[in-house]
Every structure is written in C-alpha cells, then in structure tokens.
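# Understanding the architecture of this molecule
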Amino acid sequence: MLLGPMNTRSTTRRGFLQDIAVGSSLALASCGRATAPTPASPTGPADVTLHIAPVLADIAKDHTISTIGYNGQVPGPLIRLKEGVPVTVDLFNDTDSPEFVHWHGLIVPADVDGAAEEKSLVVPPRGRLRYRLTPQPSGARFVHSHVMPMSDLNRGTYGGQFGFVYIEPKTNPGQYDREIFLATHEWEPFFTTEEEMDDPDITPAEKARKEEQDKNSKPNGWEIGYQRFTINGKALGYGEPVRVKEGERVLFHILNGSATENIELALPGHQFQVVALDGNPVPHPQLVEVLSLGTAERISAVVEMKNPGVWALGTPHDDDRKNGMGVVIEYANRTGAPRWIKPNRKPWDYTMFGQSIFGDTRPVPEPVETIPLAIGKINGGTGAFNRWTINGKAFDENDQPRALQKGKRYRLVFDNQTDDPHPVHLHRNTFELTNVYGKPTAGVMKDVVLIKGFRKIAVDFTPAMEGLTLFHCHQQFHMDYGLKTLFNVT
C-alpha cells in the first residue's frame, strides 16, 4: 500500500508506483504508545498508518485554519490499496479524545468499520489501534472521523479528518491519461437561523406541503453555515492550479467531504463523462455540464481537455465560489485569471446512468422483504435543535436493531417526509437503486443517495457480512440529532 499527498497534483496510473511508502516508517516513529488490544493483532510493519493530530492548514492568503487532520495535512494522504489484498492498519491518536476512523464504502467487518453504534474498535486518546482489513470493493472510497460532535462544531466531519481511499481493481483498462483527486470541504462553521436553500425542482404540491408543515409546527431550529470553502484544502486561486495538456483525457475523482453541505460543480467550456458513482462503474456513462454531490458522495468522471485556457472548476453558487469553492484548471502555455461561465442547470437524475425498466420486464430480483424508512422532522424552535426521526422515532442506542439475514435481498424505501434533502448512507454494503422519485431503474450501485424533500427512493441490497450495520443521514447535524438506525445481520 502506498500513501501519496492529497493535493491538486495529478498522476499517471504508473506514477503511483513511484510514491513513497510511508506506513512502516511512521509506525516505527511512534513506538512506545498505549495500544488498544485487538483480536489477533497483526505483527510487523503497518501497510497504512494514520496519525490523528492537530494541523494548521493554510487555506487562503493570510488565512490559517486550526483543525484535526490525518498525517499533518488536510485532506489526509491519498491511500491507494489493491482490491482483495489484506493490509495492516495502524491508527495513532495524538488528541485527548477517543476517535473512530470510518472506512466509508468498504465492505469490512463491524469491529474495524469505525462506528460506535456498530461497537467498532475505538482509537483511544493518546493511544494506538492496530488491525487488519481486506479492501473491497474497488473504486473511489474514503476515510473520515465518525465521532458525534453534536453542538461542538470543531469535531467530527466539521474538521479535517477525511481523505481519499482508492482501491485498485483487479483488472482496469484505464481509458484515460491520468487521474486527479479533488475533495471539497467547508470551514469555520457557525449556527444560523437561515434554512437551507429551497429546492429549485420542488413541485407546487410539495411546496404546499412544506407550507402546511411550517404553519403547524414550531419555528425551525438551528442550521449550520460556513465562512470558507476549499477544494483539496485550498480556496479558489490559492495554491497550485491543476495543470493539464490539450488533448488529454483526465479522470477526475471528486469527493464531497462536507459535514453538512450538498454541492454542485462545473467546469466551463467542458463536459464531464460520468463513469462511476461512489466508486462503482455505472451501466451507462453520460455527459453532463454540472455534477451534483450530496454529502459523502463521490463521482468519477472523464473530461476531454479540448478547450485551452485558464478556467475555474467550481460551484455555480457565486457567493460560495467567491469564498473559495473552486480550483483553477490551467492548460499548458496558458496564463491569466481563471474564467468562469455560468452553466446551464438541469435537474440531476440518477436514473440517466442506469437501466430503465419497461412494462413488466424487471431486471432486478424481488426482495424477500420491503422495509419502509420514513424520515421525519421535529422542529426545535428558536434557539434549540431540531430532532430527526425514522418511522416516527429518533435513534436510541437501547433499541433492538432490526434483524436481517446474510445473503438475502432486502428493499429499503427511503420516504423523505421533510423539506430538507437527506444524503443517506448504509455502512458495510453497496446498494442498487431500484426506484427514484417514481421512476424504476436498475444497475446503479451506491453507498450514499441524496433524497430531495417530499420524495421517495427505493434501493435493494444483500448483506454480505454478519454483524451490526449502521444506516444514517450523512448530514452530520441530522445524524447527531436522531437520523440513524441499526440493522443486525445474522
């Protein structure tokens, strides 16, 4: 396993073989710490080493963020693994608080998944945790903190503990010239009374439902806002640009590393050919002008570099782009200020990448059980926190997890009965989209899906591993205040 710096540098596929293997050297440098006992703790040097420690990150000119990161940088180092090849992981915690490191999108046992609800192993304060895992499935995954910060906006996914994990497939034709990894993030969060922006695609009936809900409930509670925005830890125009050559086919892997924000990104004068969602190849790659990513979603897209110039790859939201959400794309032998052209907006539709279902032909098997998961909201009122529910109940650690059987196919129906969008995530599994807002589909495999207000999405999954499995909204504020539940696979 090789670790590479997580910045705007690009790399050829062969270039990764020239990176420096730092896992064992970092482990040796940290001998003598308290070690958390693990079952059959492996011996020898580690293949992957992450240090959880304070970091000072220069995100813009004369602007430094104090946060907690991995290996002294934000985002953390790119972790590149091989599908199916076991690795030894060392986690060192240089803080005074216990930590969980979640391997997002990987199918791994619950004890190493990095979630308290699954009774995963904890990285103790000023201590070390070692274990072994087998990376699967292939594609763009990531690693991040999974502590519950609640009202502490300095902890959890609000900080700098996140970074790409790329799992090399066993076979890969590589129809691109090089790869670039870009992770977005927001900084300096604060409490605000402003609600999230209205969905531009909301129907009149949904708008009326929202107004009726607002009329019959308390005022909305606290929301989260941000002052600074970055891609790969740098605000737009600060740091090195992404340098490209005319005629190249560049594979961008893009991660929404936000704690709470759903985002859009565009590259003026270019189109993205989306080839994978959440690291999983799509049945029908499609060209789009604007990428839409809910919190924790990943998109892999090929861009043909055939419009020379200096461009701003960034958000169409002017205020957020002005405050940093973008990165400069610079062609060889081109100089000047980056250009921005507002893109034509079209509703994001997961089904465009999947297989349509016509008539009675159903390419997806019937599940053994359909499980409704209705998402509700209890407004907290002025100066308080909203509560979030699944099937009328906020998460309670004393509740019995719902029992599922390994190897059987289940259908989860996410029924968003609120006006807020929810990027929901299922741990330790990949699911297949089967119905999106009333439109049947198949073949799109994901681990996060964004459900707009007053809409429904159905997904199917077959649990591959026994043990506790967490389902939650990846919007940190929603998860902290109730929007999660547990399954127990036997």
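Below you will find a few notes about this structure. The shown structure was predicted, so the numbers you read here are calculated from the model rather than taken from an experiment.

### Notes on the sheet that holds strand β28 (residues 402-404)
Strand order in the open sheet made by the five strands is β28-β37-β36-β30-β34, with mixed pairing throughout. The open sheet has two edge strands with one neighbour each: β28 and β34 (448-451). Across the sheet, the mean angle from the axis of one strand to that of its neighbour is 25°, orientation sign disregarded.

### What about the pairing of strand β10 (residues 139-145)?
Burial of β10 is extensive: seven of the seven residues sit out of reach of the surface. In the sheet, strand β8 (residues 101-104) pairs with β10 via four bridges, with the strands oriented antiparallel. Residue pairing in the sheet places H102 in a bridge with H144 of β10. Relative to strand β11 (residues 162-168), β10 runs antiparallel, the two sharing six bridges. Paired with F142 across the two strands is F164, which belongs to β11.

### Some thoughts on the environment of K393
Position of K393 relative to the elements: it lies in the loop between β27 (387-390) and β28. On the basis of relative accessible area, K393 is assigned to the partly exposed category, the value being 43%. Taking the C-alpha atoms as reference points, K393 and G376, separated by 17 residues in sequence, lie 8.5 Å from one another.

### Section: the packing of aromatic side chains
Scanning the model with the defined rule gives twelve aromatic pairs in all. Aromatic pair W348 and F353: ring centres 5.4 Å apart, planes at 45°, arrangement tilted. By relative accessible area, F353 is classed as buried at 0%. Where F477 meets Y481, the ring centres are 5.5 Å apart and the plane angle is 80°; that geometry is what we call edge-to-face. Both residues of the pair, F477 and Y481, belong to the buried class. Chaining the aromatic ring pairs together yields one cluster made of F191, W222, F385, F477 and Y481. Here R455 stacks its cationic end above the ring of Y437, 5.0 Å away from the centre of that ring.

Definitions and limits used
Residues numbered from 1 in each chain as written. Predicted model: local features only at pLDDT ≥ 70, side-chain atom pairs only at ≥ 80, totals over all residues. Heavy atoms only, no water. Pairing = 2+ DSSP bridges. Helix = DSSP H or I, 4+ residues; strand = E, 2+ residues; numbered from the N terminus. Axes fitted to C-alpha atoms, helices over the stretch in contact; angles between N-to-C directions. Buried < 20%, exposed > 50% of the residue type's maximum accessible area, 1.4 Å probe, protein only. Phe/Tyr/Trp six-rings, centres within 6.5 Å; stacked < 30°, edge-to-face > 60°. Lys NZ or Arg CZ within 6 Å of the ring centre and 35° of its normal.

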